[in-house]
Structure formats: C-alpha cells, structure tokens
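Survey of secondary and tertiary structure
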Amino acid sequence: MTRTRTTQRNGSEPVSAVVVDDSQFMRTIIVDMLEDAGIDVLGTASNGEDGVETVLEVDPDVVTMDLKMPGVDGIEAVDQIMAERPTPVLVLSAHAADGAELTFEAMEKGAVDFFEKPSGEVSVGLKQQRESLVSTVRSVASADVSATEAAAQRTRRETAAGGTSVGSTPARTEYPDRPTLLVGASTGGPTVVEGILEALPMEANFRVLVVQHMPDGFTERFAQRLDDASEYSVREAADGDRIGGGEALVARGDSHLEVSGYGGGRIRVSLTDDAPVNNVRPAVDVTFRTAAEQIDDPLSAAILTGMGSDGAAGVKAVSAAGGAVIAQDEETSAVFGMPQRAIETGVVDDVRPREEVVAGILNATTKQQ
C-alpha cells in the first residue's frame, strides 16, 4: 500500500500522528504540544517494534520517530514502515555527530525529514521550539511518501546487488568553461542532493553551492556524506571560503550563504546571521540572488523538493542574469512546494524527475557556451 498526497495540506486540515520515543517524558511533551496545536495523536510507542505495530493498526498521517531505542531502533522501524505501510516519517534527532549520521541513515530508508531534539533541559528547549515542531509535522504529513518510498526501495535493491544509486547522465566530450551550479532543497531533499552530486561528472568542472534547509550541527555531516558520494570535493562553507572547479560548498545551518565575489573562475562566499528569509536560514533565495549578481560565467540553478516558496525569487534572479533553471518534477518530489512556486514564476527552463535532474543541468549549461 502506497499513500500519495495529491494536494498539500494547509493549517486548517486535520492531521493525525503516532509518536514513537523510548522516553515517556519526551512522549508526553511531544503529545501535549501536538494535541494543543490540533493534531490528533492516535497512539504512542516506546520502541520501534511497537511503533510499527501501532502504525499498522491506526494508519496515521505522520509518525514522529526517535532513533536510539532498545530492541528495534528507529532506523529499522522506518524501514519496516516503508515496506509494510508507507507513511510519512519525521525523525526526531539528537544534536550530535552520531545523531546526524543516524538521521541520514533513516532518510535513506525513506524518512521524509527530521527535527532536531533540543539540548539541555528537554522540557524547556522543546517547548520553545513548539511552533517549529508543529509546522514541520504538518509539512511532513503533506509529503507524497511514494517519492521517498521509491527512493528507499531503489536503495535497498541496489545495496543488495552491490550497486549505487545514481542517475543517468549523457556522455559528453565538451563542457562550457567555468560553469557554476546552484542547488536548493528542503523537505525530502538530502537524498536527492546526494544523488545529484554523485552523478555530476567531474570533467564538467562545476563550482557547486548547495543550500539545504537544515539546522546547524547537521550540515557538516551532510557535506561529508556528499564528499564521500561524489568525485567533487565537498565541505561545509566557512566565512571567506573560496572554491574553484571541482569543488562544492554546503551552506552552514543557521547562516545565510552569500556569494560575495567572483573572479578568475573562483567563487568567494560570506556567511551572515541576517534575519531569516522566507522563515528559513540558510535561504535559497539569498544564495541564488547573490550568485546571480556576482557570477558572469555559465550559471545553472536546480530547485528541488521542499515545502514553501524559498527559491522562487532566487530563480528569477538567476534567469534575469542569463542563467538556466531546472526544477524537480511533482511525481518524484516528496513535497512539491518549492519546485511548484519556482515553475509558477515562468522562468524555469526544464522540469525533470530526480534521476534526470543532472541531465537537465548539463543540457542547460551546454546551451550557455
């Protein structure tokens, strides 16, 4: 059984949830916050095995999933849910290196997004994040889980066969000089971004800037995963960083990434703590706009799965500067908000499924020679 969301939920539509966490205290806090916001909590569980059984029994719209639990942990529970009753899963992850790694493993299994557990005094920290948690739960509940489930099934099949998950790319012998690729993503984005970096040919010699909505403490590990998956040299951005061909930067969580200079084929970036844009920081719009202002060589932008409108103004700036814009299609987007808003601007040059985004980027970039 695969559930497919054909329309986005809004704040007034009912949402049902199951909460899975081995801490009774944490379960109580999460349940209270969700129910206070009008989300119907149909059940709770203290371990992954009970969590899977509860999901099968009550069929919720969304599951909040702890990762470190006795017996069946959160990663295995996500895998079982995706195999038996595909349901949008929001991972609740600890802010730590091992927590970040486990989070990305859960997303490989099909989890849609994650929310960072607070450090320090749990009850105070989580209550301060109530509005953000509720918004994220509603966002994940609206996800088309068939997109993430399809990705998880491919990962399982290819892992069993000893293969890798990469999109097909057209064979080329010539690429334009000094191209730059901008990538923007949010909900459901990490595995899509990883596939793009993995499939991006090194001989194309792109300079790559990635903006993935993600909190501080997770982007460093995300950049390491991209570096492991790709021929490109990928790292988390630092203020004043410069990159040339074959290198990529990931916007650091809780900082805007601005392109502050460009010359000789090298991009210079700055990090700022300016106010959130589109309610997020880092914001895709900030990076895309400043890149369009600074870069005068071939420029392409890919706008991927995610909730909201971040990136719509940015792609207009890229297009106005003569750059090309590619959007992920609805069928393979966990949440079609960001690509849809970009498409509605009228400047998107190509719409592609996730496995063909790189081909679209290469085609669009080549036309700028």
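Residues numbered from 1 in each chain as written. Predicted model: local features only at pLDDT ≥ 70, side-chain atom pairs only at ≥ 80, totals over all residues. Heavy atoms only, no water.

Bringing the sheet that holds strand S11 (residues 256-263) into the picture now. Spatial ordering of the open sheet is given by S9-S12-S11, a layout of 3 strands whose pairing is antiparallel. Strands with a single pairing partner mark the edges of an open sheet, and in this sheet they are strand S9 (242-243) and S11. Across 2 bridges, the pairing between S9 and strand S12 (residues 266-272) is antiparallel. Each bridged residue has a counterpart across the sheet, and for Ile243 the counterpart in S12 is Ile267. (Pairing = 2+ DSSP bridges. Helix = DSSP H or I, 4+ residues; strand = E, 2+ residues; numbered from the N terminus.)

Turning our attention to a negative patch on the surface. Taken together, the side chains of Asp32, Glu35, Asp36 and Asp40 make up a negatively charged region of the molecular surface. The leading source of residues in the negative patch is helix H1 (residues 24-36), at 3 residues. Structurally, Asp40 can be placed in strand S2 (residues 40-45). (Patch = residues over 30% accessible without salt bridge, like charges linked within 9 Å, V, L, I, M, F, W, Y side chains within 5 Å. Areas by Shrake-Rupley, 256 points an atom, 1.4 Å probe, with all protein chains shown as cover. Salt bridge = Lys/Arg side-chain N within 4 Å of Asp/Glu carboxyl O. Lys, Arg positive; Asp, Glu negative; His and termini not counted. Charge placed at Lys NZ, Arg CZ, Asp CG, Glu CD.)

Going through the model one piece at a time under the given rule, you end up with 3 aromatic pairs. A centroid spacing of 6.5 Å and a plane angle of 75° characterise the contact between Phe104 and Phe114, whose relative ring orientation is edge-to-face. Of this pair, Phe104 sits in helix H4 (residues 97-108) while Phe114 sits in strand S5 (residues 113-116); the two residues are 10 residues apart in sequence, bridging distant segments of the chain. Three or more aromatic residues joined by ring pairs form one cluster here, namely Phe104, Phe114, Phe218 and Phe222. (Phe/Tyr/Trp six-rings, centres within 6.5 Å; stacked < 30°, edge-to-face > 60°.)

Further remarks concern the environment of Ala334. Structurally, the position occupied by Ala334 is in the loop between strand S14 (324-328) and helix H12 (337-344). Along the primary structure Ala334 and Val140 are separated by 194 residues, whereas in three dimensions their C-alpha atoms are 8.7 Å apart. Apart from the residues within four sequence positions on either side, Ala334 is in contact with Val112, Ala143, Asp144, Ala147, Thr148, Thr187, Gly188 and Thr305. (Contact = heavy atoms within 4.5 Å.)

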